Amino acid sequence: MQWRALVLGLLLLRLGLHGALWLVFGLGPSMGFYQRFPLGFGFQRLTGPADRPAAPLGPSWLQPPGPGAEAARRPAPRRPRPGVCGPAHWGYVLGGRGRGPDEYERRYSGAFPPQLRAQMRDLARGMFVFGYDNYMAHAFPQDELNPIDCRGRGPDRGDPSNLNINDVLGNYSLTLVDALDTLAIMGNSSEFQKAVKLVIDTVSFDKDSTVQVFEATIRVLGSLLSAHRIITDSKQPFGDMTIKDYDNELLHMAHDLAVRLLPAFENTRTGIPYPRVNLKTGVPPDSNNETCTAGAGSLLVEFGILSRLLGDSTFEWVARRAVKALWSLRSNGTGLLGNVVNIQTGHWVGKQSGLGAGLDSFYEYLLKSYILFGEKEDLDMFNAAYRSIQNYLRRGREACNEGEGDPPLYVNVDMFSGRLVNTWIDSLQAFFPGLQVLAGDVEDAICLHAFYYAIWKRYGALPERYNWQLQAPDVLFYPLRPELVESTYLLYQATKNPFYLHVGMDILQSLEKYTKVKCGYATLHHVIDKSKEDRMESFFLSETCKYLYLLFDEENPVHKSGTRFMFTTEGHIVSVDEHLRESPWKELFPNERGNEGGKSVHRPKSHDLKVINSSSNCNRVPDERRFSLPLKSVYMRQIDQMVGLI
Ligand code: DMJ
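Here the structure is a predicted model, which is why all the values come from computation and not from measurement.

1. Details of the state of the cysteines
Taken as a whole, this structure holds two disulfides when the rule is applied. Here cysteine 150 engages in a disulfide with cysteine 519; their sulfurs sit 2.0 Å apart. On the sign convention where negative means left-handed, the S-S torsion of about 85° between cysteine 150 and cysteine 519 marks this disulfide as right-handed. A residue pair is termed long-range when its members are at least 10 positions apart, and cysteine 150 in the loop between strand E1 (144-146) and strand E2 (151-153) and cysteine 519 in the loop between strand E15 (516-517) and strand E16 (520-521) qualify at 369 residues. Assessed through its relative accessible area of 14%, cysteine 150 is described here as buried. Covalently, cysteine 400 is tied to cysteine 447 through a disulfide, its sulfur atoms 1.8 Å apart. The sign of the 100° torsion about the S-S bond sets the cysteine 400-cysteine 447 disulfide as right-handed. With cysteine 400 in the loop between strand E9 (394-395) and strand E10 (409-410) and cysteine 447 in helix H19 (residues 442-459), this pair connects stretches of sequence that are 47 residues apart. By relative accessible area, which is 4% here, cysteine 400 ends up buried. When the bonded cysteines of the protein chain are counted from the start of the sequence, the pairing works out to 1-4, 2-3.

2. Remarks on the UniProt feature "active site" (unreviewed entry) in the protein chain
The UniProt feature table records "active site" (unreviewed entry) at Glu215, Asp360, Glu464 and Glu483. As for its placement among the helices and strands, glutamate 464 is situated in the loop between H19 and strand E13 (465-467). Here glutamate 464 is in contact with Ile425, Asp426, Ser427, Val475, Phe477, Pro479 and Arg481, once residues within four sequence places are set aside. For glutamate 483, a relative accessible area of 10% corresponds to the buried category. When neighbours within four sequence positions are excluded, glutamate 483 is seen to be in contact with Ser427, Leu428, Ala430 and Phe431.

3. Focus on the sheet that holds strand E7 (residues 348-350)
Pairing in this open sheet of three strands is antiparallel, and the strands run E5-E6-E7 from one edge to the other. The strands lining the two open edges of the sheet, one partner per strand, are strand E5 (290-292) and E7. Each adjacent strand pair in this sheet contributes to an overall mean axis angle of 35°, direction not counted. Pairing geometry for E5 and strand E6 (residues 340-342), over three bridges, is antiparallel. Of the residues in E6, the one forming a bridge with glutamate 290 is asparagine 342.

4. Concerning the packing of aromatic side chains
Aromatic ring pairs are reported here in terms of the distance separating the ring centres and the angle at which the planes meet. Scanning the model with the defined rule gives 22 aromatic pairs in all. Relative to phenylalanine 140, the ring of tyrosine 135 lies with its centre 6.4 Å away and its plane at 75°, an arrangement referred to as edge-to-face. Both rings, one in phenylalanine 265 and one in phenylalanine 303, keep their centres 5.7 Å apart while their planes meet at 55°; by these two values the pair is tilted. Here the residue phenylalanine 265 occupies a position in the loop between helix H12 (249-261) and strand E4 (276-278), and phenylalanine 303 occupies one in helix H14 (residues 300-310), the gap between them amounting to 38 residues. The class of phenylalanine 265 is buried, set by a relative accessible area of 5%. Judged by relative accessible area, phenylalanine 303 falls into the buried class, the value being 0%. Within the aromatic cluster, the residues linked to one another by ring pairs are Phe382, Tyr386, Tyr410, Phe431 and Phe432. We note arginine 465 situated over the ring of tryptophan 424; from NZ or CZ to the ring centre the distance is 3.8 Å. In this structure, lysine 530 is placed above the aromatic ring of tyrosine 514, and the distance from its NZ or CZ to the ring centre is 4.6 Å.

About the cut-offs
- Residues numbered from 1 in each chain as written.
- Predicted model: local features only at pLDDT ≥ 70, side-chain atom pairs only at ≥ 80, totals over all residues.
- Heavy atoms only, no water.
- Disulfide = S-S within 2.5 Å.
- Helix = DSSP H or I, 4+ residues; strand = E, 2+ residues; numbered from the N terminus.
- Buried < 20%, exposed > 50% of the residue type's maximum accessible area, 1.4 Å probe, protein only.
- UniProt positions renumbered as here; feature names shortened; annotations may be inferred.
- Contact = heavy atoms within 4.5 Å.
- Pairing = 2+ DSSP bridges.
- Axes fitted to C-alpha atoms, helices over the stretch in contact; angles between N-to-C directions.
- Phe/Tyr/Trp six-rings, centres within 6.5 Å; stacked < 30°, edge-to-face > 60°.
- Lys NZ or Arg CZ within 6 Å of the ring centre and 35° of its normal.

Printed below as a string of structure tokens:
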């Protein structure tokens, strides 16, 4: 009797809570979300069928993936068994849910009419234009726009410890520089040409600014290189983006900036760079010896491109040395890396291993460096890292789209023991499904993406940290980050499933509704009460708007021109071609790479690359067989489990 009363009491309490949330925050739809989103295992298991085997308390994400040694032996990544995607699977899939493929189709793959797609493309372009024009009118030549008070913002000279600002803002018209290739992708040649000339005429790196090496590299160096390649591309896929009398000025500027960043790689015993440099004076005397793995280990794409364009190995060499040094410090047992390391001692200061802040782009650049440069050692590192991620970070059921148990989730663990260290995930991690698409693990990407989309649907934004155990945000702000849109775009390219267009539309509409202000788009300070902060980060124009636009612009040259493109971690476009696979210094350093022991090293041609073919942003004509109904319906089941009705 007593336990029945307890169950009834809990039921009433839950209903009451939902009612209150619904009344206070208007979270009506999230009730559906909550019921479908299988986070409330405690409750489900209390009332589950009696014949279900006893489950451990709490979501299985809390449980370790298995004894370390055993997990390490397990082949990874897991794949659905052959046959699970066929219609025969439906008997199993539908058990207890009562939905057929048609129902999923109706719900998630509903047509997305061409007019609506064009409308959304124009909305995305309008979003970019509104932010860009306001930046130019009210903020340029400063770094960022304060979209609420319609003013510009530069480095915080009054408070050098304000790293949130000073790491990024170098007094070099950051937003304009970061936005260059988005102008080209949107086909706005007159504004692109104007903007490039402005950058050439007005931007200088001879500034007394102490910036983060990583931020300056991905936002500024990457953008300059991308725009330079667009200008000098003989095919001009985006229309006429040539600049009259262009004399490689952007490449020279990129070189100048990179030279100013080089002191970060000196006087470090491990080869891992200092996190910050002053653009005039080098590494500050009081510099911190601690850096995050992503910051130190995701420089190879930009530095490698620069080296290969200039024929000067220095930049690639220092960036590669940093990657290798970090890689050599991974745990022998788990193969995982931590998130903060001391660049002199090589000791891990932050032992947390995860996919989000501190590590995200490290993994991304192992694969993207391979895609661009074809160096096999990069692919080997990526594959090994991916295996460790699957073995130690991934919790939940074995296959994404079959079987019982919690859907997959990637958690934060101790790099040495593999033990869970907290119960949150961060919004940066939402890039990972996009990377999985590039690596060919589309099935798993679909699940993780759906998880993040479920959170977005709940708040109309992604909280910076979400606690999956409490099912509540841990850190409440949303600075207009692109990661979920980026994954949505890549998944759409891989599956061509209209579900991802619906997701994009939903994201666009909530950005319009909750973040648009007088002079641009503002950071959400609090994803629940929707209060705002007066800041529009440069990645909003360079990434968020770009990926939204490309999602809906089916005919864009990125998809149709015949050129293969890849995006840097800041969303800057680079064409993947043979030229970047040549390293002219190879003859000078025959034993360093590429010609070990006189034997020629495997160097795939760009058109041989499987990763490219399995990816989505490289202009591949979709293989229609992959999008046949049964396979699509299996996707739908995963999505349905996560997100509820669109
Ligand atoms: C961007 O600067 C880049 O995408 C980076 O890799 C991660 N952080 C921001 C966007 O959130």
